[in-house]
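# Architecture and fold: a report
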Amino acid sequence: MADADLKLLHRELVSLEIELWNGIEGRLRAAYDLPLTSFEVLHLLLRRPGPRIQDIAEEFSITVGGTSKVVDRLEAAGLCARRANPNDRRSSVVELTPEGRKLVDGALKVFEDELELRIGAVIPEHSVREVTAVLSTLRAAGRALDAERKAAGQTPVPGLRAPKQPGRPAS
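Quick caveat, the model's predicted, so the values are computed rather than measured. (Residues numbered from 1 in each chain as written. Predicted model: local features only at pLDDT ≥ 70, side-chain atom pairs only at ≥ 80, totals over all residues. Heavy atoms only, no water.)

### Looking at the pattern of salt bridges
This model, assessed by the stated rule, comprises 13 salt bridges. Two residues, Asp88 and Arg90, come together in a salt bridge whose shortest N-O distance is 3.0 Å. Residue Arg90 is classed as exposed on the basis of its relative accessible area, which comes to 77%. Three or more residues are tied together by salt bridges with common partners; here these are Arg27, Glu114 and Arg118. (Salt bridge = Lys/Arg side-chain N within 4 Å of Asp/Glu carboxyl O. Buried < 20%, exposed > 50% of the residue type's maximum accessible area, 1.4 Å probe, protein only.)

Spelled out as structure tokens, the structure:
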């Protein structure tokens, strides 16, 4: 494949991610004073009640330390709470509070509306499914490559933390 084509694809993917992130975050901040990073964690807690910090970190491919900081802020705001993990006394699980559930329920509507405007109204549903499948394939291949490199002791070993991108809050 032509090197220029891959570079153009890379630029388009990164630019789309940044613009999509900023657009959705702008709407969430305006409506709920809620950063997208916080929304993503709250939304995960709504979909998958009771994950550990490690589970949240793995879901978003960020560090456990970064995840813990996000959860600390959400907990201080009264939006979630940690409780002892009934299956492992060395860890805790994170759950939405009633206030957190109410906030994420409202913010979810804003999130879905913005996705519809930015993606759903632009490309047909079958294209959404096709693009999603291609991106999933690329992510799986990248994770497999990273695992191979890590197993072979190659450096640099890709970490769970990506470099900060313009417009995207630190985790």
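### Here we look at the environment of Ala121
By secondary structure assignment, the location of Ala121 is in the loop between α5 (98–120) and α6 (125–151). Separated by 118 residues in sequence, Ala121 and Asp3 have C-alpha atoms that sit 31 Å apart. (Helix = DSSP H or I, 4+ residues; strand = E, 2+ residues; numbered from the N terminus.)

### Digging into α5
Along an α-helix, a turn takes 3.6 residues, which lines up residues three or four apart on a common side. With 23 residues, α5 extends 31 Å between its outermost C-alpha atoms, agreeing within 8% with the 33 Å of an ideal straight helix rising 1.5 Å per residue. What α5 keeps buried is the set Gly100, Leu103, Val104, Gly106, Ala107, Leu108, Val110, Phe111 and Glu114. (Expected span 1.5 Å × (residues − 1).)

### A short note on the nonpolar core
The biggest cluster of nonpolar side chains holds 25 residues, and the ones touching the most others in it are Phe39 and Leu42. Listing elements by their share of this core, those giving two or more residues are α1 (3–32), α2 (36–47), α3 (53–60), α4 (64–76), β2 (92–96) and α5. (Core = buried A, V, L, I, M, F, W, Y, C linked by side-chain atoms within 4.5 Å.)

### A look at the confidence of the model for the protein chain
Across the protein chain, the average pLDDT comes to 90, with 90% of residues at or above 70. Low pLDDT (under 50) marks residues 160–167, which in the prediction has 15 contacts with non-local residues, meaning those over four places away or in another chain. (pLDDT = per-residue confidence, 0-100. Contact = heavy atoms within 4.5 Å.)

### Here's the deal with unusual backbone geometry
A positive phi angle, near 50°, is found at Asp33, a position not held by glycine. Position of Asp33 among the secondary structure elements: in the loop between α1 and α2. A positive phi angle is found at Ser61, which is not glycine, with a value near 55°. Inspection of the secondary structure assignment puts Ser61 in the loop between α3 and α4. In this structure Ser61 comes out as partly exposed when scored by relative accessible area, which is 35%.

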